[in-house]
Amino acid sequence: FAGRWEECVAYTSRAAALYRALSDEPAEAGPLATQFIWVGAPPSKELANRAMESLCSTLLAIGEINRGSPGAALAAARHALRIGREIGNEWAQVNAMVLLGYGLWETGEYAEALRLARRGLETSRKVQHPGASLMLTVLGSTLRTTLGLEDADAALLEALAAAGAKLPRVWKTTAISKLCTNQALAGDQEAAWRYALEAMAIRAAAPARLIFFDFERHYETEVLLRSGEESFVREEVRRLGESVGQNKRFRLVHLRMLTTLSRWDGDIGGALVHLREAEGLAQEIGLPGELWQIRAALGELHEECGDEAPAREAFLRAAQTLRSLAGRIDEPALRASFLAAPQVRQVLER
């Protein structure tokens, strides 16, 4: 909850190993271990230990995504889900499916992410799991990518309604930030501005240094700049920069915010420097959904400078990434919808 993701990974990986070792020991008679509410109430000590191993693996996946290791996050989330299924613990399964869905979306496996998010939402509703709000946020992300803004908005608004007063306010940050992104993409500046201010207010009051899944802040940056909140934006960019440290995932967030600010200042050279670093980082981490957008932005910047050859090359790289993503979508209608999205179509046409 403090957003110290390197420490999160270190402790949760060790805890998962310890619970795994306990599960291998002969079962002892005695009272049940105290249960953490999100793993349900397994009927034996052995199942309790396995459920806690699943939970620790889920927390490990959170840490891995937020430090920029989505591949490791997927492995941890799949392991957590496998345990949950083996012991018949649907609460543990929902925990794991939230992280697996988010990891699949981050790494560009959109069709699988969408199927899993829908299945996870059905299970979470069945067992009345508070994680339904987070599952809806994952669903909103995948819907925006594959089916469009309207479906995504519906899921995200439902996520906020499901969270209500039951979950900490900071858990709503991702859904609110994504709603800001959606409104910005739809051209509704006023609605985007309201969501941006709400997300900023939550961050200001939160104890976390780097809030989980808070990866789309560059859209808020542009919205706030257009709304006359320039001093506020500069302070937010500075504050995040001081918090990032060696964290690759949030370094990418910061670079994209810096790019937006540099463009606003008319510093195209500085924006290009930030974007080139962002491109390398997105490629290193394995975030193709971010990568094609960064490459398209590079093409636009080169065009502004009158550099036609680098612009064509950047758009070509963006299109190659998009075609690779489309090739992974195994449902023809979903693939066609992905390719028909305005931003995608514009890049492919260029």
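Whatever comes next refers back to the structure up there.
In this text, all values refer to a predicted model and were calculated from it rather than measured experimentally.

Cut-offs used in this document
Residues numbered from 1 in each chain as written. Predicted model: local features only at pLDDT ≥ 70, side-chain atom pairs only at ≥ 80, totals over all residues. Heavy atoms only, no water. Axes fitted to C-alpha atoms, helices over the stretch in contact; angles between N-to-C directions. Helix = DSSP H or I, 4+ residues; strand = E, 2+ residues; numbered from the N terminus. Parallel < 35°, antiparallel > 145°, perpendicular 65-115°, else oblique. Contact = heavy atoms within 4.5 Å. Nonpolar A, V, L, I, M, F, W, Y, C, P; charged D, E, K, R; others polar. Polar contact = N/O pair within 3.5 Å; in protein donor to acceptor, adjacent residues only side chain to side chain. 1 Å grid on protein atoms, 1.4 Å probe; cavity = no way out; pocket = protein on both sides within 12 Å on 5 of 7 lines; lining within 4 Å. Points joined across faces, edges and corners; volume = space filled by probe spheres on them.

*Asks:* Quick question: what am I supposed to make of the packing of helix α6 (residues 132-146) against helix α7 (residues 149-163) here?
*Replies:* For any two helices packed against each other, the geometry comes down to the angle between their axes and how far apart the axes lie. Close contact between α6 and α7 brings their axes to 8 Å; oriented N to C, the two are set at 170 degrees. When the axis of α6 is compared with that of α7, the two are roughly antiparallel. The segment α6 lies against α7, with Ser133, Leu136, Thr137, Leu139, Gly140, Leu143 and Arg144 engaging Leu149, Asp151, Ala152, Ala155, Leu156, Glu158, Ala159, Ala162 and Ala163. Looking at the contact of α6 with α7 residue by residue, the classes come out as 10 nonpolar, 3 polar and 3 charged.

*Asks:* Explain the side chain of Arg295 to me, please; I cannot follow it from the model alone.
*Replies:* Locating Arg295 in the fold gives a position in helix α14 (residues 288-304). Within polar-contact distance, the side chain of Arg295 engages the side chain of Gln283 at 3.5 Å. Excluding its chain neighbours within four sequence positions, the residues that come into contact with Arg295 are Glu279, Gln283, Ala314, Arg317, Ala318 and Thr321.

*Asks:* Just checking my understanding: could you explain empty space enclosed by the protein for this structure?
*Replies:* Where empty space is left becomes clear once a probe the size of a water molecule has been rolled over the atoms. Using the criterion set out here, one finds 2 cavities of 30 Å³ or more in the structure. Here the largest cavity defines a volume of roughly 60 Å³. Around the largest cavity sit Val98, Tyr102, Leu134, Thr137, Val138, Trp171, Thr174, Phe212 and Phe213, which together line it. Elements with a contribution of two residues or more to the lining of the largest cavity: α4 (90-106) and α6. When residues of the lining of the largest cavity are assigned to their parent elements, the largest contribution, 3 residues, is made by α6. Residues that form the lining of the largest cavity fall into these classes: 7 nonpolar, 2 polar and no charged. Within this model, the second largest cavity holds a volume of roughly 40 Å³. Among the elements that make up the lining of the second largest cavity, the one with the highest residue count is helix α8 (residues 173-186) (3 residues). Taken together, the residues that form the lining of the second largest cavity break down as 3 nonpolar, 2 polar and 3 charged.

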